[in-house]
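Residue strings, one per chain:
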Amino acid sequence: MEASAGLVAGSHNRNELVVIHGHEEPKPLKSLNGMVCEICGDEVGVTVDGDLFVACNECGFPVCRPCYEYERREGTQLCPQCKTRYKRLKGSPRVEGDDDEEDIDDIEHEFNIDDQKNKEKHLAEAMLYGKMSYGRGPDDNESTQFPPIITNARSRPVSGEFPLPNHHGEQILSSSLHKRVHPYPVSEPGSAKWDQNKEGGWKDRMDEWKSKQGGILGPDPDDVDADMSLMDEARQPLSRKVPIASSKLNPYRMVIVIRLVVLAVFLRYRILHPVHDAIGLWLTSIVCEIWFAFSWILDQFPKWFPIDRETYLDRLSLRYEREGEPSMLAPVDIFVSTVDPLKEPPLVTGNTVLSILAMDYPVDKVSCYVSDDGASMLTFESLSETAEFARKWVPFCKKFSIEPRAPEMYFSLKMDYLKDKVQPTFVKERRAMKREYEEFKVRINALVAKAMKAPPEGWIMQDGTPWPGNNTRDHPGMIQVFLGHSGGLDTEGNELPRLVYVSREKRPGFQHHKKAGAMNALIRVSAVLTNAPFMLNLDCDHYINNSKAVREAMCFLMDPQIGRKVCYVQFPQRFDGIDRNDRYANRNTVFFDINMKGLDGIQGPVYVGTGCVFRRQALYGYEPPKGPKRPKMVSCDCCPCFGRRKKLPKYSTSGKNQHEGDASGPSFQDDDKELLMSQMNFEKRFGQSATFVTSTLMDEGGVPPSSGPAALLKEAIHVISCGYEDKTDWGKELGWIYGSITEDILTGFKMHCRGWRSIYCMPKRPAFKGSAPINLSDRLNQVLRWALGSVEIFFSRHSPVWYGYKGGHLKWLERFAYVNTTIYPFTSLPLVAYCTLPAICLLTGKFIMPTISTFASLFFISLFISIFTTGILELRWSGVSIEEWWRNEQFWVIGGVSAHLFAVIQGLLKVLAGIDTNFTVTSKATDDEEFGELYAFKWTTLLIPPTTLLIINLVGVVAGISDAINNGYQSWGPLFGKLFFAFWVIVHLYPFLKGLMGRQNRTPTIVIIWSVLLASIFSLLWVRIDPFIMKTKGPDVKQCGINC
């Protein structure tokens, strides 16, 4: 698939396929003459008849005669690519086994079901190159002598089978693209090329054989000694756990246990000592305190085993990037998702893409896919401009080791950019690059200004073709390769990573599932085009801040010891542009630096939606490989008293049983694969695309080497069609899981339930950085979205309260954490009630607790001391500052009484009544100054509950103090407890109060009107129930009968 070959737009359901800007001539295929052996690198050579030497007549894999003869005599006698046994060719000596097949036609008997040897050999390759009969039968007009993956004989015809023009103007059908001896003279980067170090050490054995034949002596012993240290270093683990010091962790655990005991004693005392004259207030407070205790247990105990980790990038390079050899690092597909370019500026998305293209990783191993779910021509054109600028930016970054590699962030850094720079030309080239970037920004700004007003007839492309996505709700699927290995070169002539624009098909009447559906479309289209075994997903505003971030993840995923059971590596989220005091806890440091470290010591962190490197096989719903088990005593069936009866292996219906794999992907048992092939309907599970289904069985990744660019493009359009997921497991068991707007939590939860574990990676230099809403209203709306997603998960069939017990793979503390992520919005109900209690107590003169003795006061003192001690010790082992911890506590209350409350109400309305209600920002105000957005006010209904709580508590404080002044000294004692709770509410809501005041310290009128109205209603109800008057002391007239 060539770069800049044109925008491919099509609809599989409508049999449409259009190539826009397809005027460029495709590059001719390389001649078959002078081909290079894929094993030793020598010329393939010719036969005794003068024809090109072909070792394998099945796939045409390029192998020279010495390698062919050596493999037949000393090796497995199988072709490295298709695993077919080498037949004896003319002029080759006979070896063992030749007599058995002398008169047998390999084509007819290649997949004989009675041949046990072929049944045990690599089912994925058999499915790819053989004639597997799953799905529909062959079409009448297609040749059956080619594999179904090539001719589409067993898959649905893709996009009408339109012929594609070649450079002579002729029409070439897709099936004719594959009628050649060697499908690919040189394997494309990212394809399923035979790996020398993973197929029995061919190169090493060939070098040994050639040295014997040529009389060449072995290596010098001195050279061997010099390399021994490097070899030893390469064999070391790529990462390790760094346990937190016991001097920090043991006191922390002891205080948790003490706090749990004190909490139990405190609740027992509260329950056994009711307040009879305020039974309603007492009962409400008891219910709230029990819920708070339950919520604290769910949040606290998953932090029982916190750990740190460190990686060894030098060992990764020694093991997989040996000098003089091609890099063996695993390929990575990187996904960037965007919807509306007016809300997600194209310049921000462009910076993210540029940081990906310039990251420190082999260029032939990187493919960047940008999902435009809004089908916007602005995104398409800005991505084209980004691709052109990348030709200059990428070599500049790699030449001078620039960090970060997003140009907007790099040029805006307030630091000494000459530090550690020694090249004399750096200053000159930096100035030139800054000028180039400013011109790039101007071009992007011009595109944005142009897109602000759409023409009545719709957008028109440069060649006069109407933009296929003019109707954002009814448009075909679109794919454009901007940069690729066949044409994506930078200004210095070096290759650039692939850059692919993808916009999935959308039609009325289909459910598209928002971001989760777009991510699943990217999984399929990337599997067809590149099929890297690992995937990194980023939001469009999260750029790569550490160019070695993917290498950090590979230290876990490619580690032979732990990598095979790791489903994803999650990085913490870090943000730019946040005010110094972090008024609304945007950094969320307590969660990322405390909670996630604790989960890493159990079964791994939860998936948080961005900055995560996935194993592709885990997203396909497969189970992790099974580790070796200790042998158990097995007896025959005749004597049941001794030993255990031998049982047949069990197979999961939701994935594959796998055995111990290597570093870069799981390796599955051949018999397990065969059983799954016979039991599982792949089309029902993955969809009706033979190419994609085949890619799911390629554990090491790579595209089918016999598939041409035209066929791959058709399949790519097919897998992003709007009806592809119908009657499949997509969104249910595969890919990103549907059913919640927070699809990230569900997706990670399903993987952990299958037995996978995840890793939390915190490099010293933050891996990724993004932007966060620093405005109060925007921040509350963001928290509302997260909380609403949690409520949806709680009421879904995937709720961690009742899902995932059958397999027993999810550890209990991990389940506690997932339960906490789904029920935390419900804490808003007791929190609102508890924040209202101080005002009620101050206004009515009653209290939630009776008069306590000196001994009982010890319970309260012990509880408060244990709470503060737990927090201090937690900060001690995590490194979080006390200011960040306090901001988190404040926003927990602010979000709890506003966004979480509305999320619960909205979730209940959606689940019980089917009413989908949205609370959105309706008015905006901006400021061009630094942190101007922090002081901008945007009206939203989320502001009403916390404002009301502030007012009634302030009114209660004034009323309580006035009452104490009127009643004398004896009233001050009971007042202190009530004032303490009221001030606790006010102090926690103080950042909210500052946000209401804005820069001019003036609260908007609409907030005052609503809050005063609610406070007045509450006050009138209080006056009606218990008016604020002096209580009369004296005899009861009804009892004594005296007329006073």
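Residues numbered from 1 in each chain as written. Predicted model: local features only at pLDDT ≥ 70, side-chain atom pairs only at ≥ 80, totals over all residues. Heavy atoms only, no water.

Looking at the overall build of the chain
Point 1. Tallying secondary structure elements over the chain gives 35 helices and 21 strands in all.
Point 2. Here the chain holds 1044 residues, and 53% of them are scored as buried.
Point 3. Pairs at least 24 apart in sequence give 77% of the contacts found in the chain among residues at least 6 apart.
Point 4. Counting only carbon and sulfur atoms, one obtains 57% of the accessible surface of the chain, whose full area is about 49000 Å². (Helix = DSSP H or I, 4+ residues; strand = E, 2+ residues; numbered from the N terminus. Buried < 20%, exposed > 50% of the residue type's maximum accessible area, 1.4 Å probe, protein only. Contact = heavy atoms within 4.5 Å. Areas by Shrake-Rupley, 256 points an atom, 1.4 Å probe, with all protein chains shown as cover.)

A word on a nonpolar patch on the surface
Point 1. A cluster of nonpolar residues, F864, I867, F868, I872 and F980, forms a patch on the protein surface that exposes about 480 Å² of accessible area.
Point 2. Along the chain, I867 falls in helix α27 (residues 854-878).
Point 3. On the basis of relative accessible area, I867 is assigned to the partly exposed category, the value being 30%. (Patch = residues over 30% accessible without salt bridge, like charges linked within 9 Å, V, L, I, M, F, W, Y side chains within 5 Å. Salt bridge = Lys/Arg side-chain N within 4 Å of Asp/Glu carboxyl O.)

Overview of the packing of helix α15 (residues 514-529) against helix α22 (residues 709-719)
Point 1. Contact geometry of α15 with α22 gives a least axis separation of 9 Å together with a crossing angle of 170 degrees. Classified by the angle between their axes, α15 and α22 sit roughly antiparallel to one another. Across the interface between the two elements, R524, V525, V528 and L529 from α15 touch L712, E715, A716 and V719 from α22.
Point 2. When grouped by side-chain class, the residues that make up the contact of α15 with α22 number six nonpolar, no polar and two charged. (Axes fitted to C-alpha atoms, helices over the stretch in contact; angles between N-to-C directions. Parallel < 35°, antiparallel > 145°, perpendicular 65-115°, else oblique. Nonpolar A, V, L, I, M, F, W, Y, C, P; charged D, E, K, R; others polar.)

Things to note about the nonpolar core
Point 1. One finds W393, W467, L499, M554 and V569 to be the most contacted residues of the largest nonpolar core, which totals 76 residues.
Point 2. Of the residues forming this core, the biggest block, 12 residues, is contributed by helix α12 (residues 377-400).
Point 3. Among residues more than four places away in sequence, those in contact with W393 are L354, A358, R405, A406, P407, Y410, F411 and M433. (Core = buried A, V, L, I, M, F, W, Y, C linked by side-chain atoms within 4.5 Å.)

Overview of the pattern of salt bridges
Point 1. Scanning the entire structure with this criterion turns up 33 salt bridges.
Point 2. When the shortest N-O distance is used, the salt bridge between R587 and D582 registers 3.9 Å.
Point 3. Residue classification places R587 among the partly exposed residues on the basis of a relative accessible area of 28%.
Point 4. Between K626 and E623 there is a salt bridge, with its nearest N and O atoms 3.4 Å apart.
Point 5. Residue E623 is classed as buried on the basis of its relative accessible area, which comes to 9%.

Some words on the packing of helix α8 (residues 246-272) against helix α9 (residues 279-300)
Point 1. Contact geometry for α8 and α9: axes closest at 11 Å, N-to-C directions at 160 degrees. The angle between the axes of α8 and α9 places the two elements in the roughly antiparallel class. Handedness of the α8/α9 crossing: left-handed. Along its contact with α8, which presents Y252, I256, R259, L260, L263, F266, L267, R270 and I271, the element α9 presents W282, S285, I286, E289, I290, A293, W296, I297 and Q300.
Point 2. Of the residues that constitute the contact of α8 with α9, the class distribution is 13 nonpolar, two polar and three charged. (Left-handed = near helix turned anticlockwise from the far one by under 90°.)

Digging into the environment of R779
Point 1. Mapped onto the elements of the fold, R779 is located in helix α24 (residues 776-794).
Point 2. Expressed as a C-alpha distance, the spacing of R779 and G895, which sit 116 residues apart in the sequence, is 9.2 Å.
Point 3. Residues within four places of R779 in sequence aside, it is in contact with Y584, A585, N586, P773, W786 and F891.
Point 4. Looking at R779, its side chain comes within polar contact range of the main-chain oxygen of A585, at 2.8 Å. (Polar contact = N/O pair within 3.5 Å; in protein donor to acceptor, adjacent residues only side chain to side chain.)

Some words on the pairing of strand β11 (residues 534-539)
Point 1. Counted residue by residue, β11 has five buried out of six residues, so it is predominantly covered.
Point 2. Summarising the sheet, strand β7 (residues 332-338) and β11 pair through six bridges and their orientation is parallel. Across the sheet, V336 pairs through a bridge with L538, a residue of β11.
Point 3. As judged from the four bridges shared by β11 and strand β15 (residues 612-615), these two strands associate in the antiparallel manner. Within the sheet, the bridge partner assigned to F534 lies in β15 and is R615. (Pairing = 2+ DSSP bridges.)

Some details on the pairing of strand β10 (residues 498-503)
Point 1. Of all six residues in β10, six are buried, a share of seventy percent or more.
Point 2. With burial as the criterion, each face of β10 is covered, one bearing R498, V500 and V502 and the other bearing L499, Y501 and S503.
Point 3. Bridge count between strand β8 (residues 366-372) and β10: five bridges; the pairing is parallel. Looking at the pairing, Y369 lines up with V500 of β10.

Brief notes about the packing of aromatic side chains
Aromatic ring pairs are defined here through the distance separating the ring centres and the angle between the ring planes.
Point 1. Tallying each qualifying case throughout the model produces 51 aromatic pairs.
Point 2. Both rings, one in F686 and one in F692, keep their centres 6.1 Å apart while their planes meet at 70 degrees; by these two values the pair is edge-to-face.
Point 3. Residue classification places F686 among the buried positions, given a relative accessible area of 0%.
Point 4. Residue classification places F692 among the buried positions, given a relative accessible area of 0%.
Point 5. Aromatic ring contacts, followed pair by pair, group F389, W393, F396, F400, Y410, F411, F426, Y437 and F440 into a single cluster. (Phe/Tyr/Trp six-rings, centres within 6.5 Å; stacked < 30°, edge-to-face > 60°.)

Quick look at helix α23 (residues 743-753)
Point 1. Of all 11 residues in α23, 11 are buried, a share of seventy percent or more.
Point 2. Among the residues of α23, E743, D744, I745, L746, T747, G748, F749, K750, M751, H752 and C753 are the ones counted as buried.

Here's the deal with the sheet that holds strand β12 (residues 543-544)
Point 1. In space, the three strands of this open sheet follow the order β12-β21-β14, with mixed pairing throughout. The sheet is open, and its two edges are formed by β12 and β14 (574-576), each paired on a single side.
Point 2. As judged from the three bridges shared by β14 and strand β21 (residues 768-771), these two strands associate in the parallel manner. Residue pairing for β21: F575 is matched across the bridge by G770.

A few points about the side chain of T821
Point 1. Summarising the element assignment, T821 is placed in helix α25 (residues 812-823).
Point 2. Relative accessible area serves as the criterion here: at 18%, T821 is assigned to the buried category.
Point 3. Residues within four places of T821 in sequence aside, it is in contact with I745 and S790.

Looking at unusual backbone geometry
Point 1. Note the cis peptide between E403 and P404, where omega equals -10 degrees.
Point 2. Here P404 is to be found in the loop between α12 and α13 (407-411).
Point 3. Not every positive phi belongs to a glycine, and A375 is a case in point at roughly 50 degrees.
Point 4. Here A375 lies in the loop between β8 and α12.

Here's the deal with the environment of T47
Point 1. Relative to the assigned elements, T47 resides in the loop between β2 (16-20) and α1 (65-74).
Point 2. Residues in contact with T47, not counting those within four places in the same chain, are L52 and F53.

Let's talk about the confidence of the model for the chain
Point 1. Within the chain, residue pLDDT values average 76, and 71% of them lie at 70 or more.
Point 2. Element-level mean pLDDT values for the chain span from 37 in strand β4 (residues 171-172) up to 95 in β15. (pLDDT = per-residue confidence, 0-100.)

A short note on helix α14 (residues 426-451)
Point 1. Between the first and last C-alpha of α14 there are 37 Å, a value that for 26 residues agrees with the 38 Å anticipated at 1.5 Å per step.
Point 2. Of all the positions in α14, only F426, R430, M433, Y437, F440, I444, L447 and A451 are classed as buried.
Point 3. Elements in contact with the buried residues of α14: α11 (346-357), α12 and α13. (Expected span 1.5 Å × (residues − 1).)

Topic: the environment of L499
Point 1. Structurally, the position occupied by L499 is in strand β10.
Point 2. Taking the relative accessible area as the measure of exposure, L499 reaches 0% and is therefore buried.
Point 3. Along the sequence, L499 and V481 sit 18 residues apart, while their C-alpha atoms lie 5.9 Å from each other.
Point 4. If near-sequence neighbours (up to four positions away) are discounted, L499 is found in contact with V353, L357, C368, V370, L383, A387, Q480, V481, F482 and L483.

Overview of the state of the cysteines
Point 1. On inspection of all chains with the given rule, the structure shows zero disulfides.
Point 2. Of all cysteine sulfurs in the structure, the one in C67 sits closest to C64, which takes part in no disulfide; the separation is 3.3 Å.
Point 3. Assessed through its relative accessible area of 2%, C64 is described here as buried. (Disulfide = S-S within 2.5 Å.)

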